[in-house]
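Secondary and tertiary structure notes
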Amino acid sequence: MAPEGTRSDAVVGIAPEVHRFYKNERPELTPRVRLAFPAYSCEFSGNETLDEAITRYRTLGLTDLRRGPSPFLKMRYANTRTRGRSTDPGRGLADPDRLLDELRAIEGGAGSFVEFENRHGDVWRVEWHGAYHIAEWNTGDGRPREIGVDDLLDFAVARLHA
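Residues numbered from 1 in each chain as written. Predicted model: local features only at pLDDT ≥ 70, side-chain atom pairs only at ≥ 80, totals over all residues. Heavy atoms only, no water.

A positive phi is found at Arg20, a non-glycine position, where the angle reads about 55 degrees. When its relative accessible area of 42% is taken as the criterion, Arg20 is described as partly exposed. (Buried < 20%, exposed > 50% of the residue type's maximum accessible area, 1.4 Å probe, protein only.)

Below you can see the structure in the form of structure tokens.
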């Protein structure tokens, strides 16, 4: 029985290549053990690489049954004002709080951008050109539209939890 107050809506199965339980004590058991934890559907795409699955397993805190959702997010960014940037040439796994911080931080940085991707593979690009502009790369017509910061942050959170 799940603890009172938990709200998970999915169960995640963890493969031996990801969890590596018993690797030292009983290595012969490891390939036979599958772990299952309560989770949230917004946390996984189903298309994670092995490295991404290992990272998600290590960072989600799956054994904390009272934790809230930590949506799947891949992002990349470059900020011309702060000179901050992601180091991966593609979008890499990130924490949703980082996305919100980077979206706020590009204000005033001409040519700055943040790209983010949700679990469905939908991608948005936000740029600063005197105001925030957002374009939906693979779900709309791709034309940027101006958006206020509060609406932008609400939009990003909603897309990650979709």
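Picking up after the structure, the text goes on.
Quick look at the packing of aromatic side chains now. Within the structure shown, the criterion is met by four aromatic pairs. Between the aromatic rings of Phe21 and Tyr22, the centroid separation amounts to 6.0 Å while the plane-to-plane angle is 85 degrees, which identifies the pairing as edge-to-face. Taken together through their ring pairs, the aromatic side chains of Phe116, Trp124 and Phe155 make up a single cluster. Taking NZ or CZ as reference, Arg56 lies 6.0 Å from the ring centre of Phe44, over its face. When the ring centre of Phe113 is taken as reference, the NZ or CZ atom of Arg125 above it lies at 3.9 Å. (Phe/Tyr/Trp six-rings, centres within 6.5 Å; stacked < 30°, edge-to-face > 60°. Lys NZ or Arg CZ within 6 Å of the ring centre and 35° of its normal.)

It is worth spelling out the side chain of Glu43 at this point. Turning to its location among the elements, Glu43 is positioned in the loop between strand E2 (35-39) and helix H2 (50-59). Not counting residues within four places of it along the chain, the set of residues in contact with Glu43 comprises Glu48, Arg56, Leu60, Arg67, Gly68, Pro69, Ser70, Pro71 and Phe72. (Helix = DSSP H or I, 4+ residues; strand = E, 2+ residues; numbered from the N terminus. Contact = heavy atoms within 4.5 Å.)

Moving on, we get to the nonpolar core. Across soluble globular proteins, you tend to see nonpolar side chains buried next to one another. Core analysis: the largest hydrophobic core is formed by 21 residues, its most contacted members being Met75, Leu99, Leu103, Phe116 and Val126. Of all elements in the fold, only strand E3 (74-78), helix H3 (96-105), strand E5 (113-117), strand E6 (123-128), strand E7 (132-136) and helix H4 (149-161) reach the threshold of two or more residues within this core. Considering each element in turn, this core owes the most residues, five residues, to H4. Those residues in contact with Met75 that lie beyond four places of it in its chain are Gly90, Arg91, Gly92, Ala94, Arg98, Leu99, Glu102, Val114, Glu115 and Phe116. (Core = buried A, V, L, I, M, F, W, Y, C linked by side-chain atoms within 4.5 Å.)

Moving on: H4. Taking 1.5 Å per residue as the helical rise, H4 with its 13 residues ought to reach 18 Å, and the 19 Å between its terminal C-alpha atoms agrees with that figure. Elements that come into contact with the buried residues of H4 comprise H3, E5, E6, E7 and strand E8 (145-146). (Expected span 1.5 Å × (residues − 1).)

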